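Architecture at a glance
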Amino acid sequence: MSQTTTIPASAKTASIKRFLPSTTNLGAKLPGMARSAGITLASMLLFLLIWQLSSSYLYSVEAESRIDRVLAEQGPEEAEAMRACIASGDISCKPNTLPSPAEVVKASQLLLADHRTISADKAEFKAKTAGVNAQRKEQGLDLITYTGRPSFVDQIFTSLKTVAVGFLIALFIAVPIGVIIGLNENLRTAFNWFIQVFKPVSPVVWLLLVFMIVKTLTLGSDSDTSFLISAVSVGLCSMWATLVNTSVGVSSVNKDYINVAKVLKLGIGKKIFKVILPSAIPLIFTGLRITVSVAWMVLIAIELLAQSPGLGSFVWEEFQNGANDSNAKIIVAMFVIGFIGFLLDRVMYYIQQSVSFEKALS
Amino acid sequence: MSTPIIEFRNVSKWYGEGENRTEVLSNINLKIEEGEFLAIVGFTGSGKTTLVNLMTGLLEPSEGEVLYRGERITGPAPERGIIFQNYSLLPWFTVYQNVALAVDQVYPDWPAAKREEHIRRFIEMVNLTPATEKRPKELSGGMKQRTSIARVLATDPDLLLMDEPLGALDALTRGNLQEEILKIWSANRRTAVLITNDVDEGIFMADRIIPLEPGERSGLGPEYRINLERPRNKKALNTDPDFKKVRTEILNYLVQLGEAAKMERDESLALPDLQPIQPGTSSFGWLRRAS
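Residues numbered from 1 in each chain as written. Chains lettered and ligands numbered in written order. Predicted model: local features only at pLDDT ≥ 70, side-chain atom pairs only at ≥ 80, totals over all residues. Heavy atoms only, no water.

Quick look at the overall build of chain A now. Looking only at helices and strands, chain A features 13 helices and 0 strands. Sequence-ordered secondary structure for chain A, helices as α and strands as β, is α-α-α-α-α-α-α-α-α-α-α-α-α. A buried classification covers 35% of the 362 residues belonging to chain A. Counting only contacts in chain A whose residues sit at least 6 apart along the sequence, the fraction spanning at least 24 positions is 74%. If you sum the accessible surface of chain A, you get close to 21,300 Å²; carbon and sulfur atoms cover 67% of it. (Helix = DSSP H or I, 4+ residues; strand = E, 2+ residues; numbered from the N terminus. Buried < 20%, exposed > 50% of the residue type's maximum accessible area, 1.4 Å probe, protein only. Contact = heavy atoms within 4.5 Å. Areas by Shrake-Rupley, 256 points an atom, 1.4 Å probe, with all protein chains shown as cover.)

Written as structure tokens, this is what we have:
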């Protein structure tokens, strides 16, 4: 019979509640919130404990093997000296393994301090070159830019910029194509194998493919193409979820709405923009949310390989560097990557909620 | 006699092909005259919606033809407006926008101010002015159906089709809306076709009632003329001898047909020859016994 009336009342109120500010029952919720906060805190502490224990275990294993090696190669006296050196915590003989939480905290402070130094350096450089640059600008010459090492914070922003460009590329490719193939069943069939085959391809391979193409296209220009390569690769890797969701959303519009469009004889443009797209928007945004997550995840791997600046190359350089605090810095980067990914997902979640507001309640 | 506004000529409609073919309507012949209010009553599953969709043009007959003013119907058009049973309002639009979608489409040449005035007039007509800026989710079932009615009437259709428009509403709202639809209809006396499963509703509203046979391969039953004076009063009708007589006749006809249809289907079904699987005796039983 009627589809609208068969929605159970409980489901309706549940979905309404989700959107209402829960100020009214905050009091009733408070114990629950306190409990879940407590559980979260306890599990974090447990995590830190396990981390601490395993890092100290790995530290001792590494230390023992180092002493044994010295013992075998240079004799007992040198081994004793090594044992003493390790016990004293001297940097020259520190075992290099999984860093402890304390070391990671220290490394993060170091990175921040480093950022401050570099920012100060940059500001100084800017002040110094301001006059010269003004002259050069008048003469139509290239400006003198700061070419020093980027700080960790700079790398984060570079990565965010890359992922934003990649996301926009995915958006502008996947949504229009998704709409077009959603509208036409034959096109959907034609694209199906393409999507099925290329969706599972690894980010690394996409990077190589993009590299082949961009390299040829930018022959003769000496600009830095690594940013372009990584942004395009990120876009290509992450667009599939949006492409599939858009085509599904467009092709599965409620038949009643289509009938309204048919009876009113709406033109194709009106039909798409007033009936089909509004109906598909919740699914499209679900796809975009997945796309953002995937884009951020593959970005690190791609930056690492493409040698384009960003968190990925930061991690790789630190690994190659092999300094005493390199491992700790890698772990800092890991947390930062995870946290930013979490924030991006949250942002997309709220956008998704706000656009699917109408649909969820109807 | 003038050309009927809708004419069914030997129309049959089936879904599927070959063994899966289900014939819903069989050999329908029907003429709907200009200005009349026709009600078609039938049980659920007798093909009422199929019948109305053949008139809108959303469906094409498998056999025979449906004519609109003497011309074959090839697709839907706003001149044959339909009120859907499940309202079919677009949830992302407000009441105003839902009506505006139809008005903008049908009167694209009108100046914006005239269109707006027109839209507001029809929203007023169905008593929804306070809800103009509300979205369907904020409306009750009755209000949704009023919006849907305003949307159709605002396009001034030549033929008004109603596919169980009040089927999903409670009895009180139903009664109110019946009277409102009649009031609006009698204001300009367009041709109207009401599809319903409620015989009383049909008698109250229509000039002519045709029952639809239940079950597969439905055909149309004999027509019943309702010669009750308009405007009709619901309370008075209940004691009117004519009303009672027609009502009994139609109900008897439908019930009798329903019984016949049931008898027809009363065949014993062949049960599959299966033995229940007992726990422990399945093919994996040896595994358990071995261990």
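Having put the structure on the table, let's press on.
All names here are of chain B. Read across the open sheet, the 4 strands follow the order S2-S1-S4-S5; overall the sheet is antiparallel. With partners counted over all chains shown, the strands left at the sheet margins are strand S2 (22–32) and strand S5 (71–72), one partner each. Bridge count for strand S1 (residues 6–15) against strand S4 (residues 63–68) is 5 bridges, and the pairing is antiparallel. What sits directly across from Ile6, in S4, is Tyr68. Together, S1, S2 and S4 form the strand contacts of helix H1 (residues 48–56), whose direction differs from that of S1 by roughly 125°. (Pairing = 2+ DSSP bridges. Axes fitted to C-alpha atoms, helices over the stretch in contact; angles between N-to-C directions.)

Residues and elements named next belong to chain A. The assigned domain composition of chain A is domain 1 (28–94), domain 2 (99–149) and domain 3 (150–362). Relative placement of domain 2 and domain 3: their C-alpha centres are 31 Å apart. Contact residues are listed per partner, giving 13 residues for domain 2 and 12 residues for domain 3. The contact between domain 2 and domain 3 buries some 1,000 Å² in all, and 79% of this surface belongs to carbon and sulfur atoms. In this assembly, domain 2 and domain 3 are joined by 1 salt bridge. Between Asp154 and Lys122 there is a salt bridge, with the nearest N and O atoms lying 3.1 Å from each other. (Domains from an automatic or database assignment. Buried area = accessible area lost by both parts, 1.4 Å probe. Salt bridge = Lys/Arg side-chain N within 4 Å of Asp/Glu carboxyl O.)

This part covers the pattern of salt bridges. A side chain with one charge can pair with a side chain of the opposite charge if their charged atoms come near. All names here are of chain B. Under the defined criterion, the tally for this structure stands at 26 salt bridges over all chains. In this structure, the salt-bridge partner of Arg69 is Asp158, at a minimum N-O distance of 2.7 Å. Placement of Arg69 in the loop between S4 and S5 and of Asp158 in the loop between helix H4 (141–154) and strand S7 (159–163) is noted, with a sequence separation of 89 residues between them. Connected through salt bridges with shared partners, the residues Glu7, Arg9, Glu65 and Arg72 form a single ionic network.

A separate point is the interface of chain B and chain A. With 27 residues of chain B in contact, the opposing surface of chain A contributes 24 residues. Summed over both partners, the interface of chain B with chain A buries about 2,400 Å², with 69% contributed by carbon and sulfur atoms. Between the two partners, chain B and chain A, sit 0 salt bridges. On inspection of chain B and its partner chain A, the count reaches 4 residue pairs in polar contact (both at pLDDT 80 or more). Of all the secondary-structure elements, those providing two or more residues to the side of chain B that touches chain A are strand S6 (80–83) and helix H2 (95–106) of chain B. No other element matches H2 of chain B, which puts 4 residues into the side of chain B that touches chain A. Broken down by class, the residue content of the side of chain B that touches chain A amounts to 15 nonpolar, 6 polar and 6 charged. (Polar contact = N/O pair within 3.5 Å; in protein donor to acceptor, adjacent residues only side chain to side chain. Nonpolar A, V, L, I, M, F, W, Y, C, P; charged D, E, K, R; others polar.)

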